[in-house]
Structure formats: C-alpha cells, structure tokens
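# Residue-level structural notes
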Amino acid sequence: MKETFSKIAVFQYSSEAQIIKSRLEAEGIEVFLYDQFTVDTDPLVSNAIGGVKLKVWQEDEAKALEILNTISEYSLDDNGHEIECPVCGSQKVELFTNVRGLKSMFFFLFSFSTIALPIYTRYEYRCETCKLKFNLDE
C-alpha cells in the first residue's frame, strides 16, 4: 500500500506543531498531526514515541517544505527582526528558560510540590555560535 502522507516535521510538544499547522493551513495546505493527544496526555513520552508528527498530503509536500524553510527557527524581537548576539553579531539566537537563582528555585519547588504550573520562570537568550547567554534588558 502506497503512503499518501509525507511527514515534514516532528515536534516535542503539540503547541509547537499547532503553530506550524496554522501557518500551513493559512497557505491552503491540509495538515494532519499524529500522536498529538498522546503527548498532550503525558508530555514525558514525547521522546519515546518520536514526538508529534506533522504530515501533509504527498502532493503538497514540496510547497509545505518551502513554507517551512521561510519560517525562522531562531528568536525574533517585538518588531519581527531576528535578535543578534551582542558579542559576535550572529542571528542564531534561541530563547531558553531556567530555574537558576533563589527566586526561580523557590517558585519551581513550590509549583512542583503543589502540582501546579510554574508561576515564575526566568528567560534568557543563548547564541548558538559563541554560546553567550544574555538578556535583552541588559
């Protein structure tokens, strides 16, 4: 039996897949998500089952991949421009969260012990080229 779908991307969380799905659907491409509900039920199994798979009809594969290539995988500022590293000037900058610091650690432990969502998270950017960690506020 011939496969009628093409897997064009895999995501760890369904929220990431939903964003790309919306973009592709806005361009008129029908999109199917596989294992979305399994990962939503238990996010810890995402790696074990290979994440949330985003598939399109085979005849739409080329157009979908072309659209995916236009989407930046790196962080953007509020105006939609790619963020530059203050040291090396690279635009390969990603946003990360961490629980370093006393305030972050306290709220993480409190949230974890009460089975609630984290209330406070610290964000920082990291340059993929020179590995510098920085904040935009500084």
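Small disclaimer: the values here were computed from a predicted structure and weren't measured. (Residues numbered from 1 in each chain as written. Predicted model: local features only at pLDDT ≥ 70, side-chain atom pairs only at ≥ 80, totals over all residues. Heavy atoms only, no water.)

On to unusual backbone geometry, then. With phi around 65°, Asp-35 is a residue other than glycine that occupies positive phi space. By secondary structure assignment, the location of Asp-35 is in the loop between strand E2 (31-34) and helix H2 (36-41). Asp-35 gets classed as partly exposed once you look at its relative accessible area, which sits at 31%. Look at Lys-131: it is not a glycine, yet its phi comes out positive at around 65°. Considering the arrangement of structural elements, one finds Lys-131 in the loop between strand E5 (122-127) and strand E6 (133-134). (Helix = DSSP H or I, 4+ residues; strand = E, 2+ residues; numbered from the N terminus. Buried < 20%, exposed > 50% of the residue type's maximum accessible area, 1.4 Å probe, protein only.)

Here we take up helix H4 (residues 61-70). Three or more residues of H4 are buried, namely Ala-64, Ile-67 and Leu-68. The buried residues of H4 occupy an angular sector of 100° when projected down its axis, which confines them to one face. Counted as exposed and oriented over 90 degrees from the buried face of H4: Ala-62, Glu-66, Asn-69 and Thr-70. In the core, the buried residues of H4 are packed alongside strand E1 (5-11), helix H1 (14-26) and strand E3 (52-57). (Arc of directions from axis to C-beta. Contact = heavy atoms within 4.5 Å.)

In this section: the sheet that holds E1. Spatially, E1-E3-E2 is the arrangement adopted by the three strands of the open sheet, whose pairing is antiparallel. On the outer flanks of this sheet lie E1 and E2, each paired with one strand and no other. When strand polarity is set aside, the average angle formed by the axes of neighbouring strands in this sheet is 30°. Relative to E3, E2 is paired through four bridges, and the arrangement is antiparallel. Residue Tyr-34 lies in a different strand from E3, and its bridge partner there is Lys-53. The strands touched by H4 are E1 and E3; relative to E1, the strand with the most contacts, the crossing angle is about 20°. (Pairing = 2+ DSSP bridges. Axes fitted to C-alpha atoms, helices over the stretch in contact; angles between N-to-C directions.)

Our focus in this paragraph is the packing of H1 against H4. Packed helices, taken two at a time, are described by their axes: the angle between them and the distance between them. Contact geometry for H1 and H4: axes closest at 10 Å, N-to-C directions at 120°. Comparing their axes, H4 and H1 come out oblique. Considering only the axes of H1 and H4, their crossing is right-handed. Here H1 contributes Ile-20, Arg-23 and Leu-24 to the contact with H4, which in turn contributes Ala-64, Ile-67, Leu-68 and Thr-70. (Parallel < 35°, antiparallel > 145°, perpendicular 65-115°, else oblique. Left-handed = near helix turned anticlockwise from the far one by under 90°.)

Among the nonpolar cores identified, the biggest contains 16 residues, and Ile-8, Leu-24, Ile-29 and Leu-54 are the most heavily contacted of them. At the level of secondary structure, the elements contributing two or more residues to this core comprise E1, H1, E2, E3 and H4. In terms of nonpolar packing, the next biggest core, distinct from the first, is built from six residues, Ile-83, Cys-85, Val-93 and Cys-127 among them. (Core = buried A, V, L, I, M, F, W, Y, C linked by side-chain atoms within 4.5 Å.)

Another point: the pattern of salt bridges. For side chains of opposite charge, pairing can occur when their charged atoms come near one another. All told, the structure shown has five salt bridges when counted by the stated rule. Glu-25 is the salt-bridge partner of Lys-21, the closest N and O atoms lying 3.9 Å from each other. Of this pair, Lys-21 and Glu-25 both sit in helix H1, four residues apart, which is roughly one turn of that helix. For Lys-53, the salt bridge is made with Asp-35, and the minimal N-O distance between the two is 2.5 Å. Of this pair, Lys-53 sits in strand E3 while Asp-35 sits in the loop between E2 and H2, and the two are 18 residues apart along the sequence. Of the residues examined, Lys-53 reaches a relative accessible area of 12% and is grouped as buried. Taken together, the shared-partner salt bridges connect Arg-126, Glu-128 and Lys-131 into one network. (Salt bridge = Lys/Arg side-chain N within 4 Å of Asp/Glu carboxyl O.)

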